[in-house]
Amino acid sequence: MSKEINTIGVLTSGGDAPGMNAAIRAVVRQAIYCGKRVMGIKRGYAGLLQEEIEEMQARHVSDIIQRGGTILQTARCLEFKEEEYQIKAADICRKFGIDGIIVIGGDGSFRGAQRLSEQGINTIGLPGTIDLDIDCTEYTIGFDTAVNTAMEAIDKVRDTSTSHERCSIIEVMGRDAGYIALWCGIGNGAEDILLPEKYDYDEQKLVNHIIQNRKTGKKHHIIINAEGIGHSTSMAKRIEAATGVETRATILGHMQRGGSPTAKDRVYASIMGAMAVDLLCAGKSNRVVGYRNGEFLDFDIDEALGMTKQISEYMYEVCLHLGI
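These numbers come from a predicted model, not from an experiment.

**Q** Give me the overall build of the protein chain: which residues, what numbers.
**A** Of the regular secondary structure elements, the protein chain holds 11 helices and 11 strands. On C-alpha atoms alone, the protein chain measures out to a radius of gyration of 22 Å, which is about the 20 Å that the 2.2 N^0.38 rule sets for 324 residues. Its C-alpha atoms put the protein chain at 70 × 35 × 35 Å along the principal axes. By the burial criterion, 55% of the 324 residues in the protein chain qualify as buried. Pairs at least 24 apart in sequence give 75% of the contacts found in the protein chain among residues at least 6 apart. With an accessible surface of roughly 14000 Å², the protein chain has 49% of that area assigned to carbon and sulfur atoms. In the protein chain, 36 positive and 44 negative side-chain charges are present, and the distance between their average locations comes to 4 Å.

**Q** How would you summarise the sheet that holds strand β9 (residues 247–251) if you had to cite specific residues and measurements?
**A** Here 4 strands make up an open sheet; going across it, the order is β7-β8-β6-β9 and the pairing parallel. Each of the sheet's edge strands pairs with one partner strand only, and the pair in question is β7 (192–194) and β9. Ignoring strand direction, the axes of neighbouring strands in this sheet form an average angle of 20 degrees. Note: strand β6 (residues 167–172) against β9, 5 bridges, orientation parallel. Across the sheet, Ile 169 pairs through a bridge with Ala 249, a residue of β9. Sitting on the sheet, helix α7 (residues 203–215) is in contact with β6, β7 and β8 (221–226), with an inclination near 160 degrees to β8.

**Q** Go over the pattern of salt bridges, please, and point to the residues and values.
**A** A complete count under the given rule lists 16 salt bridges for this structure. Across the salt bridge formed by Arg 175 and Asp 107, the nearest N and O atoms sit 3.3 Å from each other. Separated by 68 residues along the polypeptide, Arg 175 in the loop between β6 and α6 (179–187) and Asp 107 in helix α4 (residues 107–118) bring together distant segments of the chain. We classify Arg 175 as partly exposed; its relative accessible area is 39%. Residues joined in a network through salt bridges with shared partners are Asp 107, Asp 131, Asp 133 and Arg 175.

**Q** Go over the environment of Glu 203 with me, naming the residues and quoting the values.
**A** Tracing the chain through its elements places Glu 203 in helix α7. For Glu 203 and Met 235, which are 32 residues apart along the polypeptide, the C-alpha to C-alpha distance reads 8.5 Å. Leave out the neighbours within four places in its chain, and Glu 203 touches Met 235 and Arg 238. Looking at Glu 203, its side chain comes within polar contact range of the side chain of Arg 238, at 2.5 Å.

**Q** Tell me about the pairing of strand β1 (residues 7–12), and please be specific about residues and values.
**A** Of all 6 residues in β1, 6 are buried; the element is thus mostly enclosed. Burial along β1 is two-sided: Thr 7, Gly 9 and Leu 11 and Ile 8, Val 10 and Thr 12, pointing in opposite directions, are all buried. Relative to strand β2 (residues 37–41), β1 runs parallel, the two being bridged by 4 bridges. Within β2, the residue paired with Ile 8 across the bridge is Val 38. Chirality of the crossover, the property in question, places the unit of β1, helix α1 (residues 20–33) and β2 among those that are right-handed. As defined by bridge partners, β1 adjoins strand β4 (residues 100–105) across 5 bridges and the pair is classed as parallel. Following the sheet pairing, Leu 11 is matched in β4 by Val 103.

Cut-offs applied
Every chain is numbered on its own, with residues counted from 1 as its sequence reads. Local features in this predicted model are restricted to residues whose pLDDT is 70 or higher, and side-chain atom pairs enter the listing and the counts only when it is 80 or higher, whereas totals over whole chains, interfaces and linings include all residues. In computing side-chain values, all of the structure's heavy atoms are included and hydrogens and water are not. Numbering of helices and strands starts at the N terminus; helices are DSSP runs of H or I of at least 4 residues and strands are runs of E of at least 2. Just to be clear, the radius of gyration here is over C-alpha atoms, and the globule rule we use is 2.2 Å times residues to the power 0.38. Partly exposed describes any residue whose relative accessible area lies between the buried limit of under 20% and the exposed limit of over 50%, with all areas from a 1.4 Å probe on protein chains only and scaled to the type maximum. The contact criterion used throughout is that any non-hydrogen atoms of two residues lie within 4.5 Å. Per-residue and other accessible areas were derived by the Shrake-Rupley procedure at a 1.4 Å probe size, with only the shown protein chains allowed to occlude residues. Charged residues are defined here as Lys and Arg on the positive side and Asp and Glu on the negative side; His and the ends of the chain fall outside this count. Charge placement uses NZ in Lys and CZ in Arg. For Asp and Glu, CG and CD serve respectively. Any two strands are treated as partners once DSSP identifies two or more bridges connecting them. Under this scheme, a helix contributes an axis fitted over its contacting stretch, all axes are lines through C-alpha atoms, and angles between N-to-C directions fall in the 0 to 180 degree range. For this analysis, a salt bridge means a side-chain nitrogen from Lys or Arg found within 4 Å of a carboxyl oxygen belonging to Asp or Glu. We call two N or O atoms a polar contact when they sit within 3.5 Å, provided that within protein one can donate a hydrogen and the other can accept it, with sequence-adjacent residues counted only if both atoms are side-chain atoms. Handedness rule for crossovers: strands pointing away from the viewer, path from the first strand over the helix to the second running clockwise, crossover right-handed.

Shown next as structure tokens:
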């Protein structure tokens, strides 16, 4: 028989993402509704090892659903890759009476959740990453807000790029995944997008495209460059030298992680947080909550981490066709 869960811990790990607070709020209030205690763990796995753990009541999560970042703070913890610290973390959970933990983060955070599950602590993962790079789910907490933040910034850059008849290379986040760049490429009507999954590093194609557009009277040229490719500033210098067109690089950076979450990130994160509690109460462990084909589902963490996510070929082709 699965063990009864009386106390649930919740932590956020890795990079922060808009909507994490909505998920924390849902975990706390759903757990209380189910008659469980909730312990908030500060600064992810690092805070767990330092015993930065406090009980949370409903009032602790009042007025946070609209806030970006995470009230529990977050950190990366390389120590947690070592079995010695995984055993220590499980012992600390037992010391505080924590039967199960909900981990909000990306693939690295889920690997930590796997290790805790192996040590006998029930764990559920929530996909909290702006990168959208977890294959088992079509949605990750924070992606929608990050894309909208980047899209609004790129619209502003386009205005000044058009005024000065420039080429603009705008670098967006996403780590080694090109989803933010792809969505912004379509949403901003970019002339070119550079994705880690697709780019062949042939800059001459970009140069030819810019020159051809100038011949047809185009006043600007927007290139969305994914973080996984990077080097936007040096690329801009080379393109300007090759085309004679003034070219500027803009790196949007961590502004994409912040800000008030969109309605989608608030609602989906809330549903996922509540579902994670329900899974723990049902005795489940080593699972990830995801969203596919209009439904919220749960997947085995091992299975989820073993998948490789691919860029939609059709979305990519559409982006290229609309950028002519």
